[in-house]
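# Report on the structure
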Amino acid sequence: MKRPKLKKASKRMSCSKRFKIQKKVREHKRKVAKEAKKAGHRKPKRDISIPNDAPFKEDILREAEQRKQMREELKRQQKLERQKEVAKKRKLEDKKADKPERKKKEIKEKKELPKPKPKKTVARNSTRFLCSEANKVIAASDVVLEVLDARDPLGSRCLQAEQAVLQSPNKKLLLVLNKADLVPKDNVEKWLRVLNNELPTIAFKCATQVQEKSLPGGVQRVRPGCIDISKGTVCYGKKSLLRILHDLCPSANEGIKVGLIGFSNVGKSSIINSLKEFRVCNVGALKGTTRIQQDVNIDPQIKMIDSPSLVVSPDNTPVTILMRSVFPREEDDVLIAVKIILKNCNKQQIMLQYNLPDFRNYLEFLDLLARKRGHLKKGGVTDVHGAAFVFLNDWMGARLSYHTPPPAHLKSHISNLQTGAMQKGINRKLLEEDNQSIVKALKSPSPASSIVFHLSHLTNGIIDETEIIEQEPEDSEDEKGGGGVEEEEDDDKDDDGSEEEMTLQLPEALEEQPDLTKEIAKKSVTFDKLGVETDDAYDFNTDFN
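Just so it is clear, the structure is predicted and the values come from calculations on it, not from any experiment.

As a packed pair, helix 6 (residues 185-196) and helix 16 (residues 428-441) sit with axes 10 Å apart at the nearest point and diverge in direction by 165°. With respect to each other, helix 6 and helix 16 are oriented roughly antiparallel. The hand of the helix 6/helix 16 crossing is right-handed. Taking contact as the criterion, the partners of Lys185, Val188, Glu189, Leu192 and Asn196 in helix 6 are, on helix 16, Arg428, Leu431, Asn435, Val439 and Lys440. Considering only residue class, the contact of helix 6 with helix 16 consists of 4 nonpolar, 2 polar and 4 charged.

Below is the structure:
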């Protein structure tokens, strides 16, 4: 009898159940792909076995074992280094806690210890260095030119420098009356007559607009516009000075060294530039631009030596110290200088120059000048010291025209024998003719527009370096004893340096990272804990794993 076939169960299911299965499958695949992405793509390690027939099998295995030991040793060393860094970090944290007390102890120890005396070095911005440079120029030169300011020739003469030159044998001393165009012609002629009785004097006017050093001699820079620059480019007295220097040369084949000395802002470097017709020396409105001597060859026979300014003695009046000194003075000295200048000038001429009303004293004058120039402080208070500096800058510069008349009776400190020795080899008639032609050609101010200054006397200078007492310029705050704060800051940098802070922050961040990962793991949502309803009739794990 034929056995009847059993009826197979149908595979048909409801749509909701089929869609649920498909959704489960998609979620499972997505989870597997995400875990694989986190783990990264790793190739399975293959155990590369060496066949027995391979040559040098034992040597290869031995080398592999050695490399394995070296890797283990390297890991051990890295572990020890990490432990040392952790110990160092703990020590630094302990130091931070004890830092205030340790600082106090170090400051006390530094105060108790005797400070080492700094080595005395002669700086280029010191009066001692300027004095030594002036002595070198006088010793190295055959002819010394003392440059004088035509506005105050007697005040720009240095008694000690002239005596040092006159005492040395076989040296010539000549006077150069520079800035002759800033003084009325009558006053220049009077001073030339007075000074020529003592030493040979040449009237001179520098060329303020000279060519740059890089330009050739024949090429002139083209300047646009219709500006008259003839007054600045013309030099007066050049031919006369060069002729006298050539006459003093021993022979046509032998040359001479000519040194220039004088106080600040008399125009020593400008004279060299005018004779050379190039800007070979630095020239500036600030006093003390030249700090070291400089040799310049004018021609094959004449070599000129530019020198720093002479050192002014503190025994002079405040006006002389401010006008002739290189380094700035105190504010009180400025007020005293303004007081002395106004006392020895005509008040009406000062009022006309600045267009000011009548004033009773120098403080009222400075107050009026400050209000006119706009030098006011907070609250509308006038800046008297600022106005004093403005007035002195105008007085020492070319903005204000002033002149000192020559004295009626001048007591000379030069003997007749010395005067004859200095004038030997110089044609006095030619010199007088040259001076007269120079004065006539100058474009000088009128006597009415020039202020008469009735204070003129020789300026005392310092030639011997041993006589300089507290004449050094004020040191900067860094060079003074204010290094204690900086030393403490350096100690702070050593203890809490930026580099060490970076090295300390990295391990701390690494140590805190596991805690952060735990918190993130707690907050993260897994697919296994999703509240999804499942059918008991369908086992997802057994069917799809």
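Resuming the write-up.
Attention now moves to the packing of aromatic side chains. For the structure shown, the criterion picks out 8 aromatic pairs. Centre to centre, the rings of Tyr354 and Phe365 are 6.0 Å apart; their planes meet at 75°, and the pair counts as edge-to-face. Linking Tyr354 in helix 12 (residues 347-354) with Phe365 in helix 13 (residues 362-373), this pair joins segments that are 11 residues apart in sequence. Relative accessible area serves as the criterion here: at 6%, Tyr354 is assigned to the buried category. Classification of Phe365 by relative accessible area gives buried; the value is 0%.

With phi around 55°, Phe56 is a residue other than glycine that occupies positive phi space. Considering the arrangement of structural elements, one finds Phe56 in the loop between helix 1 (15-39) and helix 2 (57-97). By relative accessible area, Phe56 is classed as exposed at 63%. Non-glycine residue Lys179 carries a positive phi angle of around 60°. Following the sequence through the fold, Lys179 ends up in the loop between strand 2 (172-178) and helix 6.

Thresholds applied
Sequence order sets the numbering: in each chain, residues are counted from 1 along the sequence as written. Side-chain atom pairs in this predicted model are given and counted only at pLDDT of 80 or more, local residue features only at pLDDT of at least 70, and totals for whole chains, interfaces and linings cover all residues. In computing side-chain properties, one takes all heavy atoms of the structure into account and sets aside hydrogens as well as water. Each axis is a line fitted through C-alpha atoms, taken for helices only over the stretch in contact, and angles between the N-to-C directions span 0 to 180 degrees. Counting from the N terminus, the helices are DSSP H or I runs at least four residues long and the strands are E runs at least two residues long. For classification, angles of less than 35 degrees are called roughly parallel, those exceeding 145 degrees roughly antiparallel, those between 65 and 115 degrees roughly perpendicular, and all remaining angles oblique. Here a crossing is taken to be left-handed if its near helix is turned anticlockwise relative to the far helix by less than a right angle, and right-handed if that turn runs clockwise. Contacts are residue-level and defined by heavy atoms, with any inter-residue pair within 4.5 Å sufficient. Charged residues are taken to be Asp, Glu, Lys and Arg, nonpolar residues to be Ala, Val, Leu, Ile, Met, Phe, Trp, Tyr, Cys and Pro, and polar residues to be all remaining types, Gly included. Aromatic pairing here means that ring centres of Phe, Tyr or Trp (its six-membered ring) are within 6.5 Å. Orientation follows from the plane angle: under 30 degrees is stacked, over 60 is edge-to-face, and everything else is tilted. Buried, partly exposed and exposed residues are distinguished by accessible area as a fraction of the type maximum, computed with a 1.4 Å probe on protein chains only: under 20%, between the cut-offs, and over 50%, respectively.

Shape descriptors only; they carry no functional weight alone.
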